[in-house]
Every structure is written in C-alpha cells, then in structure tokens.
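Here is how the chains run, residue by residue.
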Amino acid sequence: MTLSATAPVGGIDVQVHPGRAAMGRAAAAAVAEDLRRRLAGQGRVRMIFAAAPSQAEMLDALVAEPGIDWGRVTAFHMDEYIGLAPDAPARFALWLRRHLFDRLPFGAVHLIDPGSDPAAAAAAYARLLAEAPIDIVCLGIGVNGHLAFNDPPVADLDDPLDVKVVELDAVCRQQQVDDGCFPGFDDVPTHALTLTVPRLLRADHLICVVPGAAKREAVVRALHDPIGAACPATALRRHPTVTLFLDPESDPHG
C-alpha cells in the first residue's frame, strides 16, 4: 500500500490512498489497530458502524484482520429507514448483517428496529447507547454533507437527543438510488431513525471513509466551510480524533 497524501486539515487527519481498495484496507487496518490496543487494556469495546456501499471495501478488509477478540466487541449502527418490511434488502440492519455482523463473532449486536412506534424505538436505542461510552465510530459523509441521516439544513449540531425520527431530504434520497439501493426515487422511504450529530461526536475515535467523485464537493465543504447545519459534516472538525480516508476521486486536490 502506498499512501499518496496525508495531512491534517481543520483538525482532521486526512489520508488519500491510491485507489478505493487501498483506501478500504488502510481504514480497516486503522480500525483493527485501535481495536487491538483497546482490547489489550479494557474488557469490552463498543462500536458504531455506518451502512452504505461506501463502507464495503473497509468492512471486507476488516473481516480479514487477524488478532481481534470480536467476542468482546459490542456493535451498533447509526440509522435505519422507517416503513420498510423487516426483510427488505435495503434495510441497513440487513446490509450490515450481510457485510459484517454475520461474518464475525461479535459479543453483541444491537440492531435498530423502528417497528410500529419509531419514537419509542429511538428512545430505547438511545438508552442502549448510553449504557457505556462508545469507543469507535466507523462512518461516511453523504453527498449533501450529511452524517448518518442528519441532513442539511435541518441537522442540529447541538441536538439534545441521541436518536430521533427525521425526514430525509431529496438529495439524500436520490443518493440511495444512485448507490443502487433502490430502483427509483419514490421507492426510497421519506423518514428514518438516526443517531444525532452530538451522539456520534461523543465517541472517542471517528474513522471516516469517503470514496468516489460524487463525494468530493462534500469533502471540500466538510474541511473548509464554516461549521454549521448547511454541511453537517463540518461538525467533524469539533472532534479531537478524526481520521478521514479518501481515494483519488474524492480527494479535493486530485
């Protein structure tokens, strides 16, 4: 693996790798290194994972990383659609099961299930998250600059809630079509449950994986725009330990 560029920008450690696969391997190696270090000094590790095609290469490489006691790792995910059937392939819980949770012997996996009362489900998931600190978050950035499903311009960077019901904006819904998750715009649910920006930022280490030309503008804005709801990803600059992994297509200087 050859690293083509690395530099801190806005307090974020930015790494650009020579291809999408190399980016995924590097991000997985960083996650694995952090996991091994934490597991050597504490009983359990608690993690949050994003579900998106942008994360696939990293997750595949993470599954292959040796020397991790996954039985001491508790996993969460960061958002889920409201209104999809429990067995709908596009559900994030099922996507993560296919790509990660069913491939490793996690100690515990807590899946978001909006059920018939999404507000109650949000409160219950928030309680699970609050039982102990979150060590690592593996996340991405949306084409509109969203984190999880906190879309501009309504994302609250100081949200008092940890998990809540949100309405998805049109750019976010179109991204799901462009990513191949749904056949058409009208097939994408209009609402979802999401972890809020402050809940994500309370984790100890954020590892952000953002490949592809469609994300380049969002990366530029995340690194250089004023911190605010117009580009929720700018909030990453409030966190002391963020590593951002890019490929040549998402590299603002590529």
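Residues numbered from 1 in each chain as written. Predicted model: local features only at pLDDT ≥ 70, side-chain atom pairs only at ≥ 80, totals over all residues. Heavy atoms only, no water.

- In the annotation of an unreviewed UniProt entry, the protein chain is listed under the name Glucosamine-6-phosphate deaminase and assigned to Inquilinus limosus.

### Details of the pattern of salt bridges
(1) Moving on: In this structure the tally under the stated criterion is 15 salt bridges.
(2) Moving on: Linking Arg-36 and Glu-65 is a salt bridge whose minimum nitrogen-to-oxygen distance equals 2.7 Å. Of the two residues, Arg-36 is situated in helix H1 (residues 20-41) and Glu-65 in the loop between helix H2 (56-63) and strand S4 (73-77); the sequence distance between them amounts to 29 residues.
(3) Moving on: A salt bridge links Asp-113 to Arg-91; the nearest nitrogen and oxygen atoms lie 3.5 Å apart. One end of the pair, Asp-113, is in the loop between strand S6 (108-110) and helix H4 (118-129); the other, Arg-91, is in the loop between strand S5 (79-81) and helix H3 (92-101), with 22 residues separating them in the sequence.
(4) Moving on: You can call Arg-91 buried: its relative accessible area is 7%.
(5) Moving on: Linked by salt bridges that have partners in common, Asp-34, Arg-37, Arg-38, Asp-135 and Asp-204 make up one network. (Salt bridge = Lys/Arg side-chain N within 4 Å of Asp/Glu carboxyl O. Helix = DSSP H or I, 4+ residues; strand = E, 2+ residues; numbered from the N terminus. Buried < 20%, exposed > 50% of the residue type's maximum accessible area, 1.4 Å probe, protein only.)

### What about the UniProt feature "domain: Glucosamine/galactosamine-6-phosphate isomerase" (unreviewed entry) in the protein chain?
(1) Moving on: UniProt's feature table lists "domain: Glucosamine/galactosamine-6-phosphate isomerase" (unreviewed entry) at residues 21-238, given in the numbering used throughout.
(2) Moving on: Taken end to end, residues 21-238 has its terminal C-alpha atoms 29 Å apart, with 34% of it in helix and 17% in strand. (UniProt positions renumbered as here; feature names shortened; annotations may be inferred.)

### Regarding the layout of surface pockets
Any space left empty among the atoms is revealed by the rolling of a water-sized probe across them.
(1) Moving on: Put simply, the largest pocket is a space of about 170 Å³.
(2) Moving on: Forming the boundary of the largest pocket are Arg-20, Pro-53, Ser-54, Val-143, Val-171, Gln-175, Asp-178, Asp-179, Pro-211, Gly-212, Ala-214 and Lys-215.
(3) Moving on: Among the elements that make up the lining of the largest pocket, the one with the highest residue count is helix H5 (residues 170-178) (three residues).
(4) Moving on: A class-by-class count of the residues in the lining of the largest pocket yields five nonpolar, three polar and four charged. (1 Å grid on protein atoms, 1.4 Å probe; cavity = no way out; pocket = protein on both sides within 12 Å on 5 of 7 lines; lining within 4 Å. Points joined across faces, edges and corners; volume = space filled by probe spheres on them. Nonpolar A, V, L, I, M, F, W, Y, C, P; charged D, E, K, R; others polar.)

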